[in-house]
Amino acid sequence: MEIHELSIQGIRQALVSGQYSSHEITGALLQRIAEENPRLNAFVTVTGELALAQAKVADSRRARGEQGPLLGVPVAHKDIFCTRGVRTTCASRMLENFVAPYDATVIRRLQESGMVMLGKLNMDEFAMGSSNETSHFGPVRNPWNPARVPGGSSGGSASALAARLVPAATGTDTGGSIRQPAAFCGVTGLKPTYGRVSRYGMIAFASSLDQGGPMARSAEDCALLMDAMAAHDPLDSTSHAQADGQFYAGLDRSLEGLRVGVPEEFFGEGLDPQVAEAVQSAIRQFEKMGARIRKVHLPNNVHAVSTYYVLAPAEASSNLARFDGVRYTRRASCPRDLTDLYTRSRYEGFGPEVRRRILVGTYVLSAGYYDAYYLQAQKVRSLIREDFRRAFAEVDVIVGPATPTTAFALGDKSNDPVAMYLADIYTIAVNLAGIPAISLPCGFDRSGMPVGMQIMGNYFADEQLLAIAHQYQLQTGWHLRSPGQQGRG
Ligand code: GLN
């Protein structure tokens, strides 16, 4: 097997056996990035020299007897995580030259576990989007078909994983941004329970919904990453006191007797029949493995998208107020006065989708409209949470499609924001409730594009979700296929 085909687990074995050094693996991946990235645009910044230096350090730590499972394994990060000394752009013109003075907690933890940083990955600007077309650095392409989008907002992460440029990546998920691109690119991604992964140093979009998480090519690899990522962090006031867990050690569980709920609301109008078919056959596979399937209802899911598009922009309008042209951001030249400095810096710095969110958010929070929109949306959010509480009284996990369709063509929805927002119809309720969910490949459509399913769990069921996905992946080979070898598998 070629180096770039190796999973995290495969790299770990190659490092332990001495087959390859981290320096060799890192060099091979940097070479592959140089060859393939111009076509995919998955990276905003490649940190080649730094990566080779970190790999050398990892190799000498291993030579001294250290054995951490991630020691010397390469990773790339969504460009929303602050990295000390390496620019963090959030794919915005506003932060084009921003270099953070500190590392995000996620970055620090993965670095301490010995991971080697290959660079920073493209994304939708400020994580607002579902297609990775809003990036200031241009769209990312889907390696399964370069005319299609990779999904968003963690599109660079998903594209780089699917194209075998990286074995591991970080992502963030506010309304589906880990799960939807994972589904579109045929990789595995976990949106953890809100509060399990620190938000410190992760540029804020909608703070009550944002959650960082792992993306990789299998649930097993995601579990290895979660072991390092999940931890209580005093620097994040919403970090949970018992955030850590036994993710990798907990992968070996039987599905015998597992109660799997299937929500009728996730199989209605708008769902591509080929996606429905692949997910239904995954559900039959769970049944074969001993699970008991039953119907559940999430009646308020129909309100999830509209609720989210009040709350997320409201929080964004407040979070993005800090980008004022005065301190670390882009500054308009020769301002007439302070107001002109603010106005022009923000107008020049933010792209159209970000501006739209700020306008909507400011509107729904304004006097006279606050009760009708923001307050009302908070109430509906409680109803959505209540839906899950009721469902999880009857079942252990809920399974459905991750997205209504497979990856769509570039440009297809870029002039229709509502059509774009509906790409997240199955992922958003999870964020509003704060529960965990995993997206993993479960088949392909007739045009050869991957289909993703989603498994949702109750609060702190992250370990259980990874275990179920891992057991499924032991029985099926969907996650092993890569672009260019569609016929095999
Ligand atoms: N696509 C959704 C949006 O545009 C979700 C993005 C995300 O999860 N960061 O807001």
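Residues numbered from 1 in each chain as written. Predicted model: local features only at pLDDT ≥ 70, side-chain atom pairs only at ≥ 80, totals over all residues. Heavy atoms only, no water.

Some details on the site of the ligand
Every one of the 15 residues lining the ligand counts as a neighbour, but Gly175, Ser177, Tyr308, Arg357 and Asp424 are closest to it. A distance of 2.7 Å is found between an oxygen atom of the ligand and a side-chain nitrogen or oxygen belonging to Ser177. In the environment of the ligand, an oxygen atom lies 3.3 Å from a nitrogen or oxygen atom belonging to the side chain of Tyr309. Looking at the shell around the ligand residue by residue, the classes come out as five nonpolar, seven polar and three charged. (Near = heavy atom within 4 Å. Polar contact = N/O pair within 3.5 Å; in protein donor to acceptor, adjacent residues only side chain to side chain. Nonpolar A, V, L, I, M, F, W, Y, C, P; charged D, E, K, R; others polar.)

Thoughts on helix α9 (residues 304-319)
In this model, α9 (16 residues) spans 22 Å end to end at C-alpha, consistent with the 22 Å of a helix rising 1.5 Å per residue. α9 sits mainly inside the fold: 14 of its 16 residues count as buried. (Helix = DSSP H or I, 4+ residues; strand = E, 2+ residues; numbered from the N terminus. Expected span 1.5 Å × (residues − 1). Buried < 20%, exposed > 50% of the residue type's maximum accessible area, 1.4 Å probe, protein only.)

A word on the packing of helix α7 (residues 219-229) against helix α15 (residues 462-475)
Put simply, α7 and α15 touch, their axes get as near as 8 Å, and they point 150 degrees apart. Compared by their axis directions, α7 and α15 come out roughly antiparallel. Each of Ala219, Glu220, Cys222, Ala223 and Met226 in α7 lies in contact with α15, whose residues at this interface are Asp462, Leu466, Ala469, His470 and Gln473. A per-class count over the contact of α7 with α15 returns six nonpolar, two polar and two charged. (Axes fitted to C-alpha atoms, helices over the stretch in contact; angles between N-to-C directions. Parallel < 35°, antiparallel > 145°, perpendicular 65-115°, else oblique. Contact = heavy atoms within 4.5 Å.)

Digging into the packing of α9 against helix α11 (residues 352-365)
In contact at an axis separation of 7 Å, α9 and α11 are set at 100 degrees when each is read in the N-to-C sense. When the axes of α9 and α11 are compared, the pair comes out roughly perpendicular. Between α9, through Tyr309, Val310, Pro313, Ala314 and Ser317, and α11, the contact on the second element is made entirely by Arg357, Ile358, Val360, Gly361, Thr362, Val364 and Leu365. Classifying every residue of the contact of α9 with α11 gives eight nonpolar, three polar and one charged.

Examining the pattern of salt bridges
What the rule picks out here adds up to 21 salt bridges. For Arg179, the salt bridge is made with Asp173, and the minimal N-O distance between the two is 2.9 Å. Of the two residues examined, Arg179 and Asp173, each falls in the buried class. Residue Arg389 is joined to Glu386 by a salt bridge in which the shortest nitrogen-to-oxygen separation is 2.7 Å. Placement of the pair is Arg389 and Glu386 together in helix α12 (residues 371-391), with a separation of three residues, close to one helical turn. Taking the relative accessible area as the measure of exposure, Arg389 reaches 52% and is therefore exposed. Residues joined in a network through salt bridges with shared partners are Arg330, Arg336, Asp340, Arg344 and Glu348. (Salt bridge = Lys/Arg side-chain N within 4 Å of Asp/Glu carboxyl O.)

Quick notes on the confidence of the model for the protein chain
Here the protein chain averages 97 in pLDDT, while 99% of its residues score no lower than 70. For the protein chain, helix α13 (residues 417-421) is the element with the lowest average pLDDT, namely 92, and strand β2 (residues 74-78) is the one with the highest, namely 99. (pLDDT = per-residue confidence, 0-100.)

Some remarks on the side chain of Gln464
Inspection of the secondary structure puts Gln464 in helix α15. Those residues in contact with Gln464, other than ones at most four positions away along the chain, are Arg253, Leu258, Asp396 and Val397.

Points about the packing of aromatic side chains
For the structure shown, the criterion picks out 16 aromatic pairs. A centroid spacing of 4.8 Å and a plane angle of 75 degrees characterise the contact between Tyr308 and Tyr309, whose relative ring orientation is edge-to-face. Using a relative accessible area of 4% as the deciding quantity, one classes Tyr308 as buried. Here Tyr309 falls in the buried class, since its relative accessible area comes to 13%. Aromatic side chains Phe388 and Phe392 sit 6.2 Å apart centroid to centroid with 15 degrees between the ring planes, which places their arrangement in the stacked category. As far as burial versus exposure is concerned, Phe388 and Phe392 are alike and both buried. Site record: aromatic cluster; members linked through ring pairs are Phe126, Phe323 and Phe350. Residue placement shows Lys413 over the ring face of Phe408; its charged tip is 4.8 Å from the ring centre. (Phe/Tyr/Trp six-rings, centres within 6.5 Å; stacked < 30°, edge-to-face > 60°. Lys NZ or Arg CZ within 6 Å of the ring centre and 35° of its normal.)

Details of the environment of Asn145
Structurally, Asn145 can be placed in the loop between β3 (116-121) and α5 (155-162). The exposure class of Asn145 is partly exposed, given its relative accessible area of 24%. Residues Asn145 and Ala409, 264 residues apart in the sequence, show an inter-C-alpha distance of 9.0 Å.

Regarding a nonpolar patch on the surface
On the surface, Val326, Leu338 and Tyr342 cluster together into a nonpolar patch covering about 250 Å² of accessible area. Considering the arrangement of structural elements, one finds Val326 in the loop between α9 and α10 (338-349). By relative accessible area, which is 34% here, Val326 ends up partly exposed. (Patch = residues over 30% accessible without salt bridge, like charges linked within 9 Å, V, L, I, M, F, W, Y side chains within 5 Å. Areas by Shrake-Rupley, 256 points an atom, 1.4 Å probe, with all protein chains shown as cover.)

Concerning unusual backbone geometry
For the bond from Gly152 to Ser153, the omega torsion is 10 degrees, close enough to zero to count as cis. Within the secondary structure layout, Ser153 lies in the loop between β3 and α5. Positioned with a positive phi, Cys334 is a non-glycine residue whose angle comes to about 45 degrees. Residue placement: Cys334 occurs in the loop between α9 and α10. For Phe460, which is not glycine, the phi dihedral falls at a positive 70 degrees. Residue position: Phe460 is located in the loop between β11 (450-457) and α15.

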